[in-house]
Amino acid sequence: MSYEQMKNNRVCLSGKIVSEPQYSHEILGEGFYDMNIAVKRLSGQEDIIPLTVSERLMEDESFETGNLIGVIGQLRSYNKMIDNRSKLVLRVFVRELAAVDEDNPNTIEIDGFVCKQPVYRQTPFKREITDMLIAVNRAYNKSDYIPAIAWGRNARFAGNFAIGDRVQIVGRIQSRVYQKQLEDGTVEERTAYEVSISKLDVVEN
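Keep in mind that this is a model prediction, so the values were computed, not measured.

Caption draft 1: How the structure looks around the nonpolar core. Core analysis: the largest hydrophobic core is formed by 37 residues, its most contacted members being Leu-51, Leu-75, Ile-134 and Ile-169. Per-element accounting of this core gives the leading share, four residues, to strand E12 (residues 187–203). With residues up to four places along the chain from it excluded, the contact list for Leu-75 reads Asn-9, Val-11, Leu-90, Arg-91, Val-92, Ile-108, Asp-144, Ile-146, Ile-173 and Val-195.

Caption draft 2: Representation of the packing of aromatic side chains. A full pass over the atoms with the stated rule returns three aromatic pairs. When the centroid spacing of 5.6 Å and the interplanar angle of 80 degrees are considered together, the rings of Tyr-23 and Tyr-33 count as edge-to-face. One end of the pair, Tyr-23, is in strand E2 (residues 22–27); the other, Tyr-33, is in strand E3 (residues 30–40), and 10 residues separate them in sequence. With centroids separated by 5.0 Å and ring planes inclined at 80 degrees, the aromatic side chains of Phe-157 and Phe-161 adopt a geometry described as edge-to-face. The partly exposed category is assigned to Phe-157, whose relative accessible area is 37%. Since its relative accessible area comes to 4%, Phe-161 is described here as buried. The side chain of Arg-76 reaches across the aromatic face of Phe-93, ending 4.2 Å from its centre.

Caption draft 3: Just a negative patch on the surface, in detail. On the surface, Glu-26, Glu-55, Glu-59, Asp-60 and Glu-61 cluster together to form a negatively charged patch. According to the relative accessible area criterion, Glu-59 is exposed, its value standing at 62%.

Caption draft 4: Looking closely at the pattern of salt bridges. Within this structure, the stated rule accounts for nine salt bridges. Where Asp-34 meets Arg-91, a salt bridge forms, and the shortest distance between an N and an O atom there is 3.5 Å. Of the two residues, Asp-34 is situated in strand E3 and Arg-91 in strand E6 (residues 85–98); the sequence distance between them amounts to 57 residues. Here Arg-91 falls in the buried class, since its relative accessible area comes to 17%.

Rules used in this analysis
Residues numbered from 1 in each chain as written. Predicted model: local features only at pLDDT ≥ 70, side-chain atom pairs only at ≥ 80, totals over all residues. Heavy atoms only, no water. Core = buried A, V, L, I, M, F, W, Y, C linked by side-chain atoms within 4.5 Å. Buried < 20%, exposed > 50% of the residue type's maximum accessible area, 1.4 Å probe, protein only. Helix = DSSP H or I, 4+ residues; strand = E, 2+ residues; numbered from the N terminus. Contact = heavy atoms within 4.5 Å. Phe/Tyr/Trp six-rings, centres within 6.5 Å; stacked < 30°, edge-to-face > 60°. Lys NZ or Arg CZ within 6 Å of the ring centre and 35° of its normal. Patch = residues over 30% accessible without salt bridge, like charges linked within 9 Å, V, L, I, M, F, W, Y side chains within 5 Å. Areas by Shrake-Rupley, 256 points an atom, 1.4 Å probe, with all protein chains shown as cover. Salt bridge = Lys/Arg side-chain N within 4 Å of Asp/Glu carboxyl O. Lys, Arg positive; Asp, Glu negative; His and termini not counted. Charge placed at Lys NZ, Arg CZ, Asp CG, Glu CD.

Put into structure tokens, the structure is as follows:
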């Protein structure tokens, strides 16, 4: 992966491990494990964020439930079939371990392209929100598709973006639990992930 492709998608997280590492897959003899960490917000609530970690990085660090860790990586997307439909799944792919940063435990910086028309809306309490989907280039001609949400002045700004606009975003990864009604009438609790934007710029071509 080139330096530029590493720089256009950078995540720094510090949090508490809240699930036991589970074996996920192997690439060229290197095993990878999935786990979740809880990252505190300023409000005191927590975002539960999924990680994928190489066994190589796990050799010198304890990954037991309850331990605090700091990681640097990338937010990546995958398509997974759920209920016979393709669903976008987001995970943080950990590239290196870092010192725990309790003052700034959740940051993401991405540089990508608007790939779906942004949707501007207002809540019943007149809070302004714009939903976006950003395509971020990855090595080997792949792209990650990252949902992002802007608020207030940023929402008004982003509501005028067009498909293909290049944007630079700084924010945090947030998790959101919602209820999904299935075809048989039952309700299932699911978790969605998105980037909550704190800073937003357009890059002129």
